[in-house]
Number of protein chains: 2
Amino acid sequence: MRVYLAGPDVFLPDPGRRAARLKAICAQHGLLGVSPLDPLDNEPAEWSTLPEPLRIARRNEAHIVSCDALIANLTPFRGPSADAGTVFELGFMRALGRPAYGWTNTAVCFAARTRRFTGGIATDAEGLLIEDFPALHDNLMIDGAITASGGRLISDGDCNEALRWVRLDAFAACVRAIAERSGPQGT
Amino acid sequence: MRVYLAGPDVFLPDPGRRAARLKAICAQHGLLGVSPLDPLDNEPAEWSTLPEPLRIARRNEAHIVSCDALIANLTPFRGPSADAGTVFELGFMRALGRPAYGWTNTAVCFAARTRRFTGGIATDAEGLLIEDFPALHDNLMIDGAITASGGRLISDGDCNEALRWVRLDAFAACVRAIAERSGPQGT
(Lines give C-alpha, C1' and ligand atoms only; values in the text may rest on other atoms or scores of the structure.)
Protein backbone atom coordinates (compact mmCIF):
# COMPACT_ATOMS: atom_id res chain seq x y z
CA MET A 1 0.00 0.00 0.00
CA ARG A 2 1.45 3.36 -1.08
CA VAL A 3 1.15 6.28 1.33
CA TYR A 4 2.00 9.88 0.38
CA LEU A 5 3.95 11.69 3.11
CA ALA A 6 2.78 15.32 2.97
CA GLY A 7 4.36 17.88 5.24
CA PRO A 8 6.80 20.73 5.74
CA ASP A 9 9.37 18.07 6.61
CA VAL A 10 10.88 18.89 3.21
CA PHE A 11 12.02 22.22 4.71
CA LEU A 12 13.97 20.59 7.58
CA PRO A 13 17.76 21.01 7.51
CA ASP A 14 18.30 17.43 6.27
CA PRO A 15 15.09 16.59 4.38
CA GLY A 16 16.50 13.43 2.80
CA ARG A 17 17.30 11.97 6.20
CA ARG A 18 13.85 12.92 7.49
CA ALA A 19 12.15 11.27 4.50
CA ALA A 20 14.19 8.11 5.07
CA ARG A 21 13.11 8.07 8.72
CA LEU A 22 9.41 8.42 7.80
CA LYS A 23 9.72 5.72 5.15
CA ALA A 24 11.43 3.37 7.61
CA ILE A 25 8.49 3.67 10.00
CA CYS A 26 6.11 2.93 7.10
CA ALA A 27 8.19 -0.10 6.07
CA GLN A 28 8.07 -1.49 9.63
CA HIS A 29 4.31 -1.71 9.17
CA GLY A 30 4.29 -3.04 5.62
CA LEU A 31 3.55 0.30 3.95
CA LEU A 32 5.47 2.05 1.18
CA GLY A 33 6.01 5.71 2.06
CA VAL A 34 6.21 8.08 -0.92
CA SER A 35 8.06 11.36 -0.29
CA PRO A 36 7.69 14.64 -2.22
CA LEU A 37 11.47 14.32 -2.71
CA ASP A 38 11.16 11.07 -4.66
CA PRO A 39 11.73 11.13 -8.41
CA LEU A 40 8.69 10.30 -10.51
CA ASP A 41 8.70 7.21 -12.71
CA ASN A 42 7.99 8.09 -16.33
CA GLU A 43 7.85 11.85 -15.79
CA PRO A 44 6.37 13.42 -18.95
CA ALA A 45 9.14 14.81 -21.16
CA GLU A 46 7.30 18.11 -21.66
CA TRP A 47 7.59 18.92 -17.95
CA SER A 48 11.32 19.48 -18.47
CA THR A 49 10.53 22.93 -19.89
CA LEU A 50 8.53 24.02 -16.82
CA PRO A 51 10.10 26.35 -14.24
CA GLU A 52 11.42 24.24 -11.34
CA PRO A 53 8.69 25.06 -8.77
CA LEU A 54 5.91 24.27 -11.23
CA ARG A 55 7.60 20.99 -12.18
CA ILE A 56 7.84 20.05 -8.48
CA ALA A 57 4.13 20.85 -8.08
CA ARG A 58 3.15 18.60 -11.01
CA ARG A 59 5.38 15.83 -9.68
CA ASN A 60 3.83 15.99 -6.20
CA GLU A 61 0.33 15.87 -7.67
CA ALA A 62 1.32 12.77 -9.66
CA HIS A 63 2.78 11.17 -6.53
CA ILE A 64 -0.51 11.73 -4.69
CA VAL A 65 -2.52 10.24 -7.56
CA SER A 66 -0.26 7.16 -7.36
CA CYS A 67 -0.94 6.61 -3.65
CA ASP A 68 -3.69 4.79 -1.76
CA ALA A 69 -3.64 7.06 1.28
CA LEU A 70 -2.01 10.24 2.61
CA ILE A 71 -0.48 11.19 5.94
CA ALA A 72 -0.11 14.96 6.50
CA ASN A 73 2.16 16.62 9.03
CA LEU A 74 -0.21 19.33 10.27
CA THR A 75 2.07 20.73 12.97
CA PRO A 76 1.49 24.52 12.87
CA PHE A 77 3.87 26.18 10.43
CA ARG A 78 4.67 29.93 10.49
CA GLY A 79 1.26 30.87 11.88
CA PRO A 80 -1.68 29.12 13.54
CA SER A 81 -2.37 26.73 10.64
CA ALA A 82 -0.52 23.91 8.94
CA ASP A 83 1.84 24.45 6.00
CA ALA A 84 -0.05 25.66 2.89
CA GLY A 85 1.48 23.09 0.55
CA THR A 86 0.52 20.29 2.91
CA VAL A 87 -3.05 21.57 3.21
CA PHE A 88 -3.30 21.82 -0.59
CA GLU A 89 -2.19 18.19 -0.90
CA LEU A 90 -4.71 17.10 1.73
CA GLY A 91 -7.51 18.77 -0.25
CA PHE A 92 -6.24 17.15 -3.44
CA MET A 93 -6.30 13.66 -1.89
CA ARG A 94 -9.69 14.27 -0.31
CA ALA A 95 -11.18 15.00 -3.75
CA LEU A 96 -9.77 11.67 -4.94
CA GLY A 97 -11.87 10.03 -2.21
CA ARG A 98 -9.02 8.14 -0.55
CA PRO A 99 -8.24 8.05 3.19
CA ALA A 100 -6.32 11.00 4.59
CA TYR A 101 -4.63 11.03 8.00
CA GLY A 102 -3.08 13.92 9.87
CA TRP A 103 -0.67 14.31 12.76
CA THR A 104 0.39 17.32 14.75
CA ASN A 105 2.91 17.90 17.50
CA THR A 106 0.74 20.20 19.54
CA ALA A 107 -2.30 19.63 21.72
CA VAL A 108 -3.33 23.30 21.66
CA CYS A 109 -6.54 23.62 19.64
CA PHE A 110 -6.80 25.88 16.56
CA ALA A 111 -8.99 28.53 18.20
CA ALA A 112 -6.53 28.93 21.09
CA ARG A 113 -3.53 29.03 18.73
CA THR A 114 -5.22 31.68 16.60
CA ARG A 115 -6.06 33.84 19.61
CA ARG A 116 -2.47 33.50 20.79
CA PHE A 117 -1.24 34.56 17.33
CA THR A 118 -3.49 37.57 16.92
CA GLY A 119 -3.71 38.68 20.53
CA GLY A 120 -7.44 39.14 19.96
CA ILE A 121 -10.49 37.52 21.45
CA ALA A 122 -13.27 37.10 18.89
CA THR A 123 -11.70 39.01 16.00
CA ASP A 124 -8.16 39.80 14.90
CA ALA A 125 -6.58 43.25 14.52
CA GLU A 126 -8.20 43.68 11.09
CA GLY A 127 -11.68 42.80 12.38
CA LEU A 128 -11.81 39.30 10.91
CA LEU A 129 -13.66 36.69 12.94
CA ILE A 130 -11.73 33.96 14.75
CA GLU A 131 -13.66 30.72 14.39
CA ASP A 132 -14.40 29.29 17.80
CA PHE A 133 -14.91 25.56 17.50
CA PRO A 134 -12.86 24.41 20.52
CA ALA A 135 -12.45 20.79 19.40
CA LEU A 136 -10.85 21.54 16.02
CA HIS A 137 -7.15 21.04 15.28
CA ASP A 138 -7.15 23.47 12.33
CA ASN A 139 -9.54 25.10 9.84
CA LEU A 140 -12.76 23.09 9.70
CA MET A 141 -12.12 21.93 6.13
CA ILE A 142 -9.03 20.07 7.39
CA ASP A 143 -10.64 18.32 10.35
CA GLY A 144 -13.81 17.70 8.31
CA ALA A 145 -11.98 16.14 5.36
CA ILE A 146 -9.92 13.78 7.48
CA THR A 147 -12.99 12.57 9.36
CA ALA A 148 -15.10 12.23 6.21
CA SER A 149 -12.34 10.30 4.42
CA GLY A 150 -12.29 7.69 7.17
CA GLY A 151 -8.88 8.84 8.40
CA ARG A 152 -7.78 10.13 11.78
CA LEU A 153 -6.15 13.30 13.06
CA ILE A 154 -3.74 12.39 15.86
CA SER A 155 -2.13 15.01 18.07
CA ASP A 156 0.85 14.43 20.33
CA GLY A 157 -0.23 16.08 23.54
CA ASP A 158 3.06 15.30 25.28
CA CYS A 159 5.28 17.02 22.73
CA ASN A 160 6.94 20.18 23.95
CA GLU A 161 7.64 23.10 21.63
CA ALA A 162 11.36 22.35 21.25
CA LEU A 163 10.69 18.88 19.85
CA ARG A 164 7.86 19.70 17.46
CA TRP A 165 9.98 19.09 14.36
CA VAL A 166 11.63 16.02 15.89
CA ARG A 167 9.08 13.72 17.53
CA LEU A 168 7.38 11.15 15.34
CA ASP A 169 5.08 9.40 17.82
CA ALA A 170 1.90 10.83 16.26
CA PHE A 171 3.16 10.04 12.76
CA ALA A 172 3.86 6.45 13.81
CA ALA A 173 0.35 6.24 15.27
CA CYS A 174 -1.08 7.24 11.86
CA VAL A 175 1.04 4.59 10.15
CA ARG A 176 -0.18 1.93 12.58
CA ALA A 177 -3.79 3.00 12.04
CA ILE A 178 -3.45 2.64 8.26
CA ALA A 179 -1.62 -0.70 8.57
CA GLU A 180 -4.34 -2.06 10.85
CA ARG A 181 -7.08 -1.07 8.46
CA SER A 182 -5.29 -2.48 5.43
CA GLY A 183 -4.59 -5.87 7.00
CA PRO A 184 -1.42 -7.82 7.88
CA GLN A 185 0.11 -7.57 4.39
CA GLY A 186 -0.48 -3.84 4.19
CA THR A 187 -2.34 -4.35 0.94
CA MET B 1 -21.31 28.68 -15.43
CA ARG B 2 -20.99 28.08 -11.66
CA VAL B 3 -17.93 29.46 -9.90
CA TYR B 4 -17.04 28.60 -6.28
CA LEU B 5 -15.88 31.63 -4.30
CA ALA B 6 -13.21 30.32 -1.89
CA GLY B 7 -11.67 32.67 0.61
CA PRO B 8 -11.43 33.98 4.16
CA ASP B 9 -14.10 36.49 3.13
CA VAL B 10 -16.44 34.38 5.29
CA PHE B 11 -14.56 35.73 8.34
CA LEU B 12 -15.20 39.39 7.48
CA PRO B 13 -17.48 41.35 9.84
CA ASP B 14 -20.42 41.15 7.41
CA PRO B 15 -19.80 37.98 5.39
CA GLY B 16 -23.27 37.93 3.84
CA ARG B 17 -22.78 41.38 2.38
CA ARG B 18 -19.34 40.43 1.10
CA ALA B 19 -20.71 37.30 -0.57
CA ALA B 20 -23.46 39.36 -2.22
CA ARG B 21 -20.83 41.78 -3.54
CA LEU B 22 -18.72 38.98 -5.02
CA LYS B 23 -21.80 37.35 -6.57
CA ALA B 24 -22.89 40.67 -8.09
CA ILE B 25 -19.54 40.99 -9.87
CA CYS B 26 -19.93 37.43 -11.16
CA ALA B 27 -23.47 38.17 -12.37
CA GLN B 28 -22.26 41.25 -14.27
CA HIS B 29 -20.18 38.86 -16.36
CA GLY B 30 -22.78 36.13 -16.77
CA LEU B 31 -21.36 33.82 -14.07
CA LEU B 32 -23.14 32.32 -11.07
CA GLY B 33 -21.03 32.79 -7.94
CA VAL B 34 -21.44 30.08 -5.29
CA SER B 35 -20.54 31.10 -1.73
CA PRO B 36 -19.53 28.80 1.16
CA LEU B 37 -22.42 30.50 2.99
CA ASP B 38 -25.02 29.22 0.53
CA PRO B 39 -27.35 26.41 1.61
CA LEU B 40 -26.93 23.16 -0.26
CA ASP B 41 -29.76 21.83 -2.38
CA ASN B 42 -30.75 18.32 -1.32
CA GLU B 43 -28.35 18.12 1.59
CA PRO B 44 -28.19 14.47 2.72
CA ALA B 45 -30.42 13.92 5.78
CA GLU B 46 -27.70 12.00 7.63
CA TRP B 47 -25.47 15.10 7.73
CA SER B 48 -27.87 16.62 10.27
CA THR B 49 -26.23 14.49 12.97
CA LEU B 50 -22.72 15.76 12.20
CA PRO B 51 -21.11 18.39 14.45
CA GLU B 52 -21.58 21.82 12.84
CA PRO B 53 -17.99 22.36 11.58
CA LEU B 54 -17.91 18.93 9.94
CA ARG B 55 -21.29 19.58 8.32
CA ILE B 56 -20.00 22.89 6.94
CA ALA B 57 -16.95 21.08 5.56
CA ARG B 58 -19.07 18.48 3.76
CA ARG B 59 -21.31 21.21 2.37
CA ASN B 60 -18.38 23.20 1.01
CA GLU B 61 -16.95 20.11 -0.65
CA ALA B 62 -20.34 19.49 -2.29
CA HIS B 63 -20.50 23.11 -3.46
CA ILE B 64 -17.07 22.76 -5.09
CA VAL B 65 -18.09 19.53 -6.83
CA SER B 66 -21.14 21.38 -8.21
CA CYS B 67 -19.02 24.17 -9.75
CA ASP B 68 -17.23 24.51 -13.07
CA ALA B 69 -14.41 26.70 -11.77
CA LEU B 70 -13.04 28.19 -8.55
CA ILE B 71 -11.77 31.63 -7.62
CA ALA B 72 -9.67 31.71 -4.43
CA ASN B 73 -8.90 34.79 -2.33
CA LEU B 74 -5.23 34.09 -1.61
CA THR B 75 -4.52 37.36 0.23
CA PRO B 76 -2.13 36.38 3.07
CA PHE B 77 -4.08 35.42 6.19
CA ARG B 78 -2.54 35.33 9.68
CA GLY B 79 0.93 34.47 8.39
CA PRO B 80 2.78 34.52 5.07
CA SER B 81 0.40 32.11 3.29
CA ALA B 82 -3.25 32.15 2.28
CA ASP B 83 -6.05 30.91 4.56
CA ALA B 84 -5.80 27.15 5.16
CA GLY B 85 -9.44 26.43 4.31
CA THR B 86 -9.07 28.28 1.03
CA VAL B 87 -5.91 26.39 0.13
CA PHE B 88 -7.62 23.09 0.96
CA GLU B 89 -10.46 23.98 -1.40
CA LEU B 90 -8.03 24.94 -4.15
CA GLY B 91 -6.35 21.55 -3.85
CA PHE B 92 -9.73 19.84 -3.91
CA MET B 93 -10.77 21.63 -7.11
CA ARG B 94 -7.40 20.98 -8.72
CA ALA B 95 -7.85 17.23 -8.22
CA LEU B 96 -11.22 17.53 -9.99
CA GLY B 97 -9.29 18.88 -12.99
CA ARG B 98 -11.29 22.09 -13.36
CA PRO B 99 -9.88 25.62 -13.76
CA ALA B 100 -8.77 27.38 -10.58
CA TYR B 101 -8.06 31.10 -10.35
CA GLY B 102 -6.50 33.03 -7.51
CA TRP B 103 -6.33 36.69 -6.48
CA THR B 104 -4.33 38.44 -3.81
CA ASN B 105 -4.21 42.00 -2.54
CA THR B 106 -0.45 42.15 -2.20
CA ALA B 107 2.35 42.37 -4.71
CA VAL B 108 4.99 41.20 -2.22
CA CYS B 109 6.18 37.74 -3.24
CA PHE B 110 5.95 34.72 -0.92
CA ALA B 111 9.69 34.48 -0.20
CA ALA B 112 9.83 38.13 0.86
CA ARG B 113 6.68 37.80 2.99
CA THR B 114 8.09 34.73 4.71
CA ARG B 115 11.42 36.43 5.45
CA ARG B 116 9.50 39.40 6.83
CA PHE B 117 7.44 37.06 9.03
CA THR B 118 10.34 35.05 10.41
CA GLY B 119 13.00 37.74 10.51
CA GLY B 120 15.39 35.18 9.01
CA ILE B 121 17.29 34.99 5.77
CA ALA B 122 17.49 31.43 4.46
CA THR B 123 15.97 29.60 7.43
CA ASP B 124 13.53 30.48 10.18
CA ALA B 125 14.16 30.51 13.94
CA GLU B 126 13.65 26.74 14.11
CA GLY B 127 16.13 26.03 11.29
CA LEU B 128 13.52 25.29 8.62
CA LEU B 129 14.37 26.36 5.08
CA ILE B 130 12.59 29.32 3.50
CA GLU B 131 11.90 28.46 -0.13
CA ASP B 132 13.41 31.09 -2.37
CA PHE B 133 11.56 31.13 -5.66
CA PRO B 134 11.20 34.92 -6.11
CA ALA B 135 8.37 34.77 -8.65
CA LEU B 136 5.95 32.73 -6.52
CA HIS B 137 2.87 34.22 -4.85
CA ASP B 138 2.64 31.41 -2.26
CA ASN B 139 3.75 27.81 -1.68
CA LEU B 140 4.69 26.25 -5.02
CA MET B 141 1.75 23.83 -4.92
CA ILE B 142 -0.61 26.81 -5.09
CA ASP B 143 1.05 28.65 -7.96
CA GLY B 144 1.70 25.35 -9.75
CA ALA B 145 -1.89 24.15 -9.49
CA ILE B 146 -3.39 27.38 -10.77
CA THR B 147 -1.05 27.44 -13.75
CA ALA B 148 -1.53 23.74 -14.53
CA SER B 149 -5.32 24.06 -14.32
CA GLY B 150 -5.32 26.76 -16.99
CA GLY B 151 -6.26 29.45 -14.48
CA ARG B 152 -4.50 32.63 -13.50
CA LEU B 153 -3.15 34.10 -10.27
CA ILE B 154 -3.74 37.85 -10.29
CA SER B 155 -2.19 40.16 -7.71
CA ASP B 156 -3.26 43.73 -7.05
CA GLY B 157 0.06 45.55 -6.90
CA ASP B 158 -1.59 48.87 -6.13
CA CYS B 159 -3.47 47.72 -3.04
CA ASN B 160 -2.17 49.14 0.21
CA GLU B 161 -2.26 47.16 3.45
CA ALA B 162 -5.29 49.00 4.87
CA LEU B 163 -7.48 48.00 1.92
CA ARG B 164 -6.46 44.38 1.57
CA TRP B 165 -9.82 43.06 2.80
CA VAL B 166 -11.74 45.69 0.85
CA ARG B 167 -10.48 46.00 -2.72
CA LEU B 168 -11.93 43.66 -5.32
CA ASP B 169 -10.06 44.72 -8.47
CA ALA B 170 -8.04 41.50 -8.67
CA PHE B 171 -11.15 39.43 -7.97
CA ALA B 172 -13.00 41.21 -10.77
CA ALA B 173 -10.05 40.53 -13.09
CA CYS B 174 -10.39 36.80 -12.36
CA VAL B 175 -14.12 36.94 -13.08
CA ARG B 176 -13.49 38.68 -16.40
CA ALA B 177 -10.83 36.12 -17.33
CA ILE B 178 -13.25 33.23 -16.69
CA ALA B 179 -16.08 34.98 -18.54
CA GLU B 180 -13.85 35.59 -21.55
CA ARG B 181 -12.80 31.97 -21.70
CA SER B 182 -16.33 30.66 -21.32
CA GLY B 183 -17.82 32.86 -24.04
CA PRO B 184 -20.50 35.58 -24.14
CA GLN B 185 -23.19 33.45 -22.45
CA GLY B 186 -20.90 32.40 -19.63
CA THR B 187 -21.71 28.79 -20.33
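Residues numbered from 1 in each chain as written. Chains lettered and ligands numbered in written order. Predicted model: local features only at pLDDT ≥ 70, side-chain atom pairs only at ≥ 80, totals over all residues. Heavy atoms only, no water.

Draft legend 1. Quick look at the sheet that holds strand β1 (residues 2-6) of chain B. Residues and elements named next belong to chain B. Read from one edge to the other, the open sheet built from five strands follows the order β2-β1-β3-β4-β5, with strand pairing classed as parallel. The open sheet has two free edges, formed respectively by β2 (32-34) and β5 (153-155), since each of these has just one partner strand. Within the sheet, the average angular offset between the axes of one strand and its neighbour, ignoring direction, is 25°. As judged from the three bridges shared by strand β4 (residues 100-104) and β5, these two strands associate in the parallel manner. Considered in β5, the bridge of Trp 103 is made with Ile 154. Lying over the sheet, helix α6 (residues 169-182) contacts β1, β3 (69-73), β4 and β5, oriented at roughly 160° with respect to β4. (Pairing = 2+ DSSP bridges. Helix = DSSP H or I, 4+ residues; strand = E, 2+ residues; numbered from the N terminus. Axes fitted to C-alpha atoms, helices over the stretch in contact; angles between N-to-C directions. Contact = heavy atoms within 4.5 Å.)

Draft legend 2. Expanded view of helix α5 (residues 140-148) of chain A. The buried fraction of α5(A) amounts to seven of the nine residues, a majority that puts the element mostly inside the structure. Within α5(A) the residues assigned to the buried category are A:Leu140, A:Met141, A:Ile142, A:Asp143, A:Gly144, A:Ala145 and A:Ile146. Contacts made by the buried residues of α5(A) are with α3 (84-96), β4 (100-104) and β5 (153-155) of chain A together with α2 (52-65) and α3 (84-96) of chain B. Its side-chain oxygen at 2.9 Å from the backbone nitrogen of A:Met141, A:Asn139 defines the N-terminal cap of α5(A). Of the residues one or two after α5(A), A:Gly150 is the one with positive phi, at around 90°. (Buried < 20%, exposed > 50% of the residue type's maximum accessible area, 1.4 Å probe, protein only. Polar contact = N/O pair within 3.5 Å; in protein donor to acceptor, adjacent residues only side chain to side chain.)

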